[in-house]
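Understanding the architecture of this molecule
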Amino acid sequence: MDGSDMKDSEENQPQQGLVRTLQERIEDLTIRLRHCENEYSLAKEEYELANLKYLDLLAEMQQKNRELEVLKNRLEHKIAERTTKLEQANIALKEEVAKHQKVMEELKSSEEKYHNIFDNAVEGIFQSSVHNRFISVNPALARIHGYDSPEELIETITDIRNQLYVDPKRHDELIELLSKNSVIHNFEAQFYRKDKSIN
């Protein structure tokens, strides 16, 4: 190497150091750039994956919302149907209650008329049980038998056949006739009064 080459070599040393530094920086930047590209690529993949998941969730939510809307419409339809049925049933019930009240009023009126006839009749009227006891008697029957009130007659006579009939067989005949006929005419029997006299 001659003197001019050495001189050139010495002059080029700073340039060579600068070139080396630049090359190292370029390599470093290249590595960093590749690293950033890798991170960007990973981030892009994660973003795309998250975006796909989001789109799937969104589609699923939209499907669920449609299903919920269908269910809501069905429920509203059922509620409307049941409301209509309940309203109709309520109207029918009100009509039934009104009819029942009318029947009850008519029944009460009939009972009042019956009690008026029963209490004020001049003939003796009574109801008796299968056990030969009076259930009810009117004031006329109590008077006919010499008792002060229907209550006294009911409490005193506990066996109609044997305490009231002079001939208990006539009671048996009456029961047999009643079992065959709804109405009996001209049936006569003798009865004991309270004082044991005979009617």
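Structural notes, computed from the coordinates.

About the cut-offs
Residues numbered from 1 in each chain as written. Predicted model: local features only at pLDDT ≥ 70, side-chain atom pairs only at ≥ 80, totals over all residues. Heavy atoms only, no water. Helix = DSSP H or I, 4+ residues; strand = E, 2+ residues; numbered from the N terminus. Contact = heavy atoms within 4.5 Å. Salt bridge = Lys/Arg side-chain N within 4 Å of Asp/Glu carboxyl O. Buried < 20%, exposed > 50% of the residue type's maximum accessible area, 1.4 Å probe, protein only. Pairing = 2+ DSSP bridges. Polar contact = N/O pair within 3.5 Å; in protein donor to acceptor, adjacent residues only side chain to side chain.

Some remarks on the side chain of Ser 136
Here Ser 136 lies in strand β2 (residues 134–137). Filtering out sequence-adjacent residues up to four positions away, Ser 136 remains in contact with Phe 118, Ile 125, Phe 126, Gln 127 and Ile 154.

Remarks on the pattern of salt bridges
Applying the stated criterion across every chain, the model contains five salt bridges. Here Lys 194 and Glu 152 are joined by a salt bridge, their closest N and O atoms 2.5 Å apart. In this pair, Lys 194 is assigned in the segment after α5 (168–180) and Glu 152 in helix α3 (residues 150–156), connecting sequence segments 42 residues apart. Across the pair Glu 176 and Lys 180 runs a salt bridge whose closest N-O atoms are separated by 3.3 Å. One end of the pair is Glu 176 and the other is Lys 180, both in helix α5 and four residues apart, which spans about a single turn. In this structure Glu 176 comes out as partly exposed when scored by relative accessible area, which is 47%.

Re the environment of Glu 188
Structurally, Glu 188 can be placed in the segment after α5. The exposure class assigned to Glu 188 is exposed, which follows from its relative accessible area of 63%.

A closer look at the pairing of β2
For strand β1 (residues 126–128) and β2, the ladder comprises three bridges, and the chain directions are antiparallel. Looking at β2, one finds that Gln 127 is bridged to Ser 136. As consecutive antiparallel partners, β1 and β2 are separated by five residues, and within that stretch Asn 132 has a phi angle of approximately 65°, a positive value.

Some words on the side chain of Asn 132
Residue placement: Asn 132 occurs in the loop between β1 and β2. For Asn 132, a relative accessible area of 18% gives the class buried. At 3.0 Å, the side chain of Asn 132 forms a polar contact with the side chain of His 171. Those residues in contact with Asn 132 that lie beyond four places of it in its chain are Thr 158, Asp 159, Ile 160, Arg 161 and His 171.

Quick word on the environment of Val 122
Along the polypeptide, Val 122 turns up in the loop between α1 (3–120) and β1. A sequence separation of 19 residues divides Val 122 from Val 103, and the C-alpha atoms of the two residues are 30 Å apart.

In short, shape yes, function no, at least from these values alone.
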